[in-house]
Amino acid sequence: MSITLTISDQSYTLKTGETIIGRDTSCDIIIQDPSVSRRHAKIISGDFDGVLVDLGSYHGAAVNGEKIKGRVNIYQNDVIGIGSVVIRVDAGPARPIVDDSDAPAEKSKPSKGFKFAFTQSDVDKAQSQNRLKNPVYIALMIVLGVLALLSVLLLAMPGAGKKKRRVLSQSDVIRITREYLDAAPVVTIEGLSDEQITEAAKELFLNAEKKRAFIEIRPDQAYDSYRRYQKSLTLLKALGHKPDYYDRLMLNMNDCRKVVVDKIRRFFQEGWVARKKGDYEKAQQAYQMIINTVPSQDYPISAMISSDIRFISSKLALKGKKK
């Protein structure tokens, strides 16, 4: 049975036997993608079946959206996931059809007298007529009509529909910050050899180590170091091996992440307390330190905090006019 695969608009017809898929140049099908391991998976093509086997890859394999463990049969029109790469099975074994013809058939009982045939429209019409005669249904429709009228009147009132200004809580800030930090960075390795990737990972690690020494002096250094550690880790995962500095990288990366979160928590708490006390100058300084700690345009908290800073600035301006 011949199996044909399509990967990125390129077609592959598999030979009978084993076909190795991975990033290594020795594989039968080579896929240069960071989510694909060197020897990621293999497909065993037989006379009457096809089997997908995960070779212990880092990101795993899936069939029709379900992650596999070990080996699983594949059929025509299946969709295989190798890391983040999608592979379509255009030709292959047909999926077996479950035959339920042996199941006992339900015996029909002969009807007595006349036989009436009702269509669905007849049933719907009868139910509608019964509802219109039901006093409970009538009362419910009156209530719904009154509620709809009240909604229209409320929307027409002055000030209705104005968007309320969102007030951030400390738990919101910490949750959003952690989600932002845990997002995997985008690292392009297309066209790079394993030696170049290894060298880039170590260079990022060493740069992160240098910047980490200044995290107590400059608030942005902890974040900058964390991102460099994270990118180095992403490159190492693409290679599929752990160098001698791997444990140190993980320890220092998690330490920088904790420092960033703790700084954000402390600055937000200081700003919140100062704002409650009416000390808008101190609140403005604390909120600005949050933006300085994570100096990134796509950091969600920056836009929200900037809105608070503008609000505080208006309060300070009013306070200055009163003086």
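Residues numbered from 1 in each chain as written. Predicted model: local features only at pLDDT ≥ 70, side-chain atom pairs only at ≥ 80, totals over all residues. Heavy atoms only, no water.

Asker: Looking at this model, I keep getting lost on the sheet that holds strand 4 (residues 29-30). Mind explaining?
Answerer: Either a parallel or an antiparallel arrangement is found when strands of a sheet pair, and the pairing is made through backbone hydrogen bonds. In space, the five strands of this open sheet follow the order 4-3-5-6-9, with mixed pairing throughout. For this open sheet the edge positions go to strand 4 and strand 9 (71-73), each flanked by a neighbour on one side alone. In the sheet, strand 3 (residues 17-22) pairs with strand 4 via two bridges, with the strands oriented parallel. Among the inter-strand pairings, Ile 21 is bridged to a residue of strand 4, identified as Ile 29. (Pairing = 2+ DSSP bridges. Helix = DSSP H or I, 4+ residues; strand = E, 2+ residues; numbered from the N terminus.)

Asker: Explain the packing of helix 3 (residues 170-182) against helix 6 (residues 246-277) here, please?
Answerer: A pair of packed helices is captured by two measures, namely the crossing angle of their axes and the spacing between those axes. Interaxial distance between helix 3 and helix 6 falls to 10 Å at its minimum, and their mutual angle equals 155°. Here helix 3 is positioned roughly antiparallel relative to helix 6, judged by the angle of their axes. In the crossing of helix 3 with helix 6, the sense of the turn from one axis to the other is right-handed. Here Gln 170, Val 173, Ile 174, Thr 177, Arg 178, Leu 181 and Asp 182 of helix 3 lie close against helix 6, whose contacting residues are Arg 257, Val 260, Val 261, Ile 264, Arg 265, Phe 268 and Gln 269. Taken together, the residues of the contact of helix 3 with helix 6 sort by class into seven nonpolar, three polar and four charged. (Axes fitted to C-alpha atoms, helices over the stretch in contact; angles between N-to-C directions. Parallel < 35°, antiparallel > 145°, perpendicular 65-115°, else oblique. Left-handed = near helix turned anticlockwise from the far one by under 90°. Contact = heavy atoms within 4.5 Å. Nonpolar A, V, L, I, M, F, W, Y, C, P; charged D, E, K, R; others polar.)

Asker: What should I look at first to understand the packing of aromatic side chains in this one?
Answerer: Given two aromatic rings, their pairing is described by the distance between the two centres and the angle made by the two planes. Counted according to the given criterion, the structure contains six aromatic pairs. Here Phe 205 and Tyr 229 contribute two aromatic rings whose centre-to-centre distance is 6.1 Å and whose plane-to-plane angle is 55°, an arrangement assigned as tilted. With Phe 205 in helix 4 (residues 194-212) and Tyr 229 in helix 5 (residues 220-239), the pair connects residues that are 24 residues apart, well separated along the chain. Accessibility classification places Phe 205 together with Tyr 229 in one group, the buried group. Taken together, a centroid distance of 4.5 Å and an interplanar angle of 20° make the contact between Phe 205 and Tyr 245 stacked. (Phe/Tyr/Trp six-rings, centres within 6.5 Å; stacked < 30°, edge-to-face > 60°. Buried < 20%, exposed > 50% of the residue type's maximum accessible area, 1.4 Å probe, protein only.)

Asker: Sorry, what's going on with the pattern of salt bridges here?
Answerer: Think of it this way: side chains of opposite charge can pair up when their charged atoms draw near. Under the defined criterion, the tally for this structure stands at 15 salt bridges. Note that Arg 38 and Asp 194 form a salt bridge whose closest N and O atoms lie 2.9 Å from each other. Here Arg 38, found in the loop between strand 4 and strand 5 (41-45), pairs with Asp 194, found in helix 4; they are 156 residues apart in sequence, far enough to count as distant. The exposure class of Arg 38 is partly exposed, given its relative accessible area of 34%. Asp 194 gets classed as partly exposed once you look at its relative accessible area, which sits at 24%. The residue Arg 95 makes a salt bridge to Asp 78 at a minimum N-O spacing of 2.4 Å. Note that Arg 95 is positioned in the loop between strand 11 (85-91) and helix 1 (120-133) and Asp 78 in the loop between strand 9 and strand 10 (79-82), a separation of 17 residues in sequence. Overall, Arg 95 belongs to the partly exposed group, its relative accessible area being 45%. Assessed through its relative accessible area of 3%, Asp 78 is described here as buried. Shared partners join several salt bridges into a network, and the residues in it are Arg 23, Arg 38 and Asp 194. (Salt bridge = Lys/Arg side-chain N within 4 Å of Asp/Glu carboxyl O.)

Asker: How do you make sense of the nonpolar core when you look at a structure like this?
Answerer: What tends to happen in soluble globular proteins is that the nonpolar side chains get buried as a cluster. Grouped together as the largest cluster of nonpolar side chains are 45 residues, with contacts concentrated most on Ile 290 and Ile 305. Those elements giving two or more residues to this core turn out to be helix 3, helix 4, helix 5, helix 6, helix 7 (280-293) and helix 8 (300-322). Here the element with the most residues in this core is helix 6; it accounts for eleven residues. Beyond its immediate chain neighbours, meaning those up to four positions away, Ile 290 contacts Ile 264, Phe 267, Phe 268, Tyr 299, Ile 301 and Ile 305. (Core = buried A, V, L, I, M, F, W, Y, C linked by side-chain atoms within 4.5 Å.)

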